[in-house]
Amino acid sequence: RQKVPCVLHESDISPGLANRLCIPSATAICAKFPETIANLPEDKAYLTGTPIRSELFSGNRLKGLDFCGFTANKPVILVIGGSLGSVRVNEAVREILPKLLEKYQVIHLCGKVDESLKQTEGYVQFEYIQKELCDLLDAADLVISRAGANAICELLALHKPNILIPLSLEASRGDQILNAASFEKQGFSYVIKEEELTS
């Protein structure tokens, strides 16, 4: 049996089953997190970070503000709440929205929108965003997000101050908790555990 050269990109701190099965065949394994290296064969492991979509770097702050109907003289919080997996995050943001709007403008990627908040000045909500995401990220002064590996690596590449709220163990296998802990340890993020989340 011939060994075929193969590069494996490990996206989690601890390799999942599929990657563990592939490791013996890989000639190189690229890892996102420093903690991952300890779980990989020393002669194959490389800390490379993650590939980042080039279009994320083409954002335009003013376009993002204009898209949201915001002014340039008030800081912007971008909440990447998603939908089903982020109900608690979305609820917490909406609970404290009047207080937030005293000092900030808020962009809320929330899945299902709350119709009662549609005309709230300084607050916009979107069920889903695609091509405008790079402009919204550029407009954001602070990002509140879950802690998926790709998402947090993109925030790091864009140098965005962020608060991470990882999915709890009840809703996941704990990957996001490990991701968030790594970024907090490295000084990249502030972390709030979902079970400790309040408005």
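Keep in mind the model is a prediction, meaning the values are calculated, not measured.

Peer 1: I keep staring at the overall build of the protein chain and nothing clicks. Help me out?
Peer 2: Within the protein chain one finds six helices and nine strands. Buried positions account for 45% of the 199 residues belonging to the protein chain. Once local pairs closer than 6 in sequence are excluded, the contacts in the protein chain between residues at least 24 apart make up 51%. Mean positive and mean negative side-chain charge positions of the protein chain (21 and 25 charges, respectively) differ by 3 Å.

Peer 1: Whenever I open this one, the nonpolar core confuses me. Can you help?
Peer 2: Ile107, Leu109, Phe126, Leu137 and Leu164 are the most contacted members of the largest nonpolar core, which totals 29 residues. Mapped onto this core, the elements with two or more residues apiece are helix 2 (61-68), strand 4 (76-80), strand 5 (105-109), strand 6 (123-126), helix 4 (133-139), helix 5 (149-157) and helix 6 (175-185). For Ile107, the contacting residues outside a window of four places in its chain are Cys68, Phe70, Val76, Ile77, Leu78, Val79, Val124, Phe126 and Leu136. Core analysis: the second largest hydrophobic core is formed by 15 residues, Val89, Ala92, Val106 and Ile163 among them.

Peer 1: In this structure, what is going on with helix 3 (residues 87-100)? I would like to understand it.
Peer 2: Since the α-helix packs 3.6 residues into each turn, any two residues three or four apart lie on the same face. Its 14 residues give helix 3 an end-to-end C-alpha distance of 19 Å, which sits within 8% of 20 Å, the value for a rise of 1.5 Å per residue. Of all the bends found along helix 3, the most pronounced is centred on Arg94 and spans about 35 degrees, while Pro98, a proline, follows it within four residues. Those residues of helix 3 that sit buried are Val89, Asn90, Ala92, Val93, Leu97 and Leu100. Residues of helix 3 that are buried in the fold lie against strand 4, strand 5 and strand 6.

Peer 1: Please explain the packing of aromatic side chains as it appears in this structure.
Peer 2: One pair of aromatic rings is described through two measures. These are the centre distance and the angle between the planes. Within this structure, the stated rule accounts for three aromatic pairs. Both rings, one in Phe67 and one in Phe126, keep their centres 5.4 Å apart while their planes meet at 25 degrees; by these two values the pair is stacked. Here Phe67, found in helix 2, pairs with Phe126, found in strand 6; they are 59 residues apart in sequence, far enough to count as distant. Relative to Phe188, the ring of Phe183 has its centre 5.2 Å away and its plane inclined at 75 degrees; by these criteria the two rings are edge-to-face.

Peer 1: It is not clear to me how unusual backbone geometry should be interpreted in this structure. Could you clarify?
Peer 2: Glycine aside, negative phi is the norm for most residues, and most peptide bonds take the trans geometry. Residues other than glycine seldom take positive phi values, yet His159 does so here, at roughly 55 degrees. Mapped onto the fold, His159 is located in the loop between helix 5 and strand 8 (162-164).

Peer 1: What is the right way to read the sheet that holds strand 8 from this model?
Peer 2: Pairing between the strands of a sheet comes from backbone hydrogen bonds, and it takes one of two forms, parallel or antiparallel. Strand order in this open sheet of six strands is 6-5-4-7-8-9, and the pairing throughout is parallel. Two strands in the sheet have a free side with no partner beyond their single neighbour: strand 6 and strand 9 (190-191). Bridge count for strand 8 against strand 9 is two bridges, and the pairing is parallel. By the bridge assignment, Ile163 is partnered in strand 9 with Tyr190. In this fold helix 3 packs onto strand 4, strand 5 and strand 6, with an angle of close to 165 degrees to the strand it touches most, strand 5.

Peer 1: I would appreciate a short explanation of the side chain of Lys32 in the present structure.
Peer 2: When you line up the elements, Lys32 lands in the loop between strand 2 (28-31) and strand 3 (45-47). Overall, the relative accessible area of 8% leaves Lys32 in the buried class. Here Asn150 takes part through its side chain, which lies 2.4 Å from a polar atom of the side chain of Lys32.

Peer 1: It is not clear to me how helix 2 should be interpreted in this structure. Could you clarify?
Peer 2: By the burial criterion, the buried members of helix 2 are Gly64, Leu65 and Cys68. Seen end-on, helix 2 carries its buried residues on one side only, within an arc spanning 95 degrees. Away from its buried face, by an angle of more than 90 degrees, helix 2 presents the exposed residues Leu62, Lys63 and Asp66. On its buried face, helix 2 is in contact with strand 4, strand 5, strand 6 and helix 4. Capping the start of helix 2 is the job of one residue whose side-chain oxygen sits 3.0 Å from the backbone nitrogen of Leu62: Asn60. Immediately downstream of helix 2, the backbone of Gly69 shows phi near 75 degrees, a positive value.

The rules behind the values
- Residues numbered from 1 in each chain as written.
- Predicted model: local features only at pLDDT ≥ 70, side-chain atom pairs only at ≥ 80, totals over all residues.
- Heavy atoms only, no water.
- Helix = DSSP H or I, 4+ residues; strand = E, 2+ residues; numbered from the N terminus.
- Buried < 20%, exposed > 50% of the residue type's maximum accessible area, 1.4 Å probe, protein only.
- Contact = heavy atoms within 4.5 Å.
- Lys, Arg positive; Asp, Glu negative; His and termini not counted.
- Charge placed at Lys NZ, Arg CZ, Asp CG, Glu CD.
- Core = buried A, V, L, I, M, F, W, Y, C linked by side-chain atoms within 4.5 Å.
- Expected span 1.5 Å × (residues − 1).
- Bend = angle between axes of the 7 residues up to and from the residue.
- Phe/Tyr/Trp six-rings, centres within 6.5 Å; stacked < 30°, edge-to-face > 60°.
- Pairing = 2+ DSSP bridges.
- Axes fitted to C-alpha atoms, helices over the stretch in contact; angles between N-to-C directions.
- Polar contact = N/O pair within 3.5 Å; in protein donor to acceptor, adjacent residues only side chain to side chain.
- Arc of directions from axis to C-beta.

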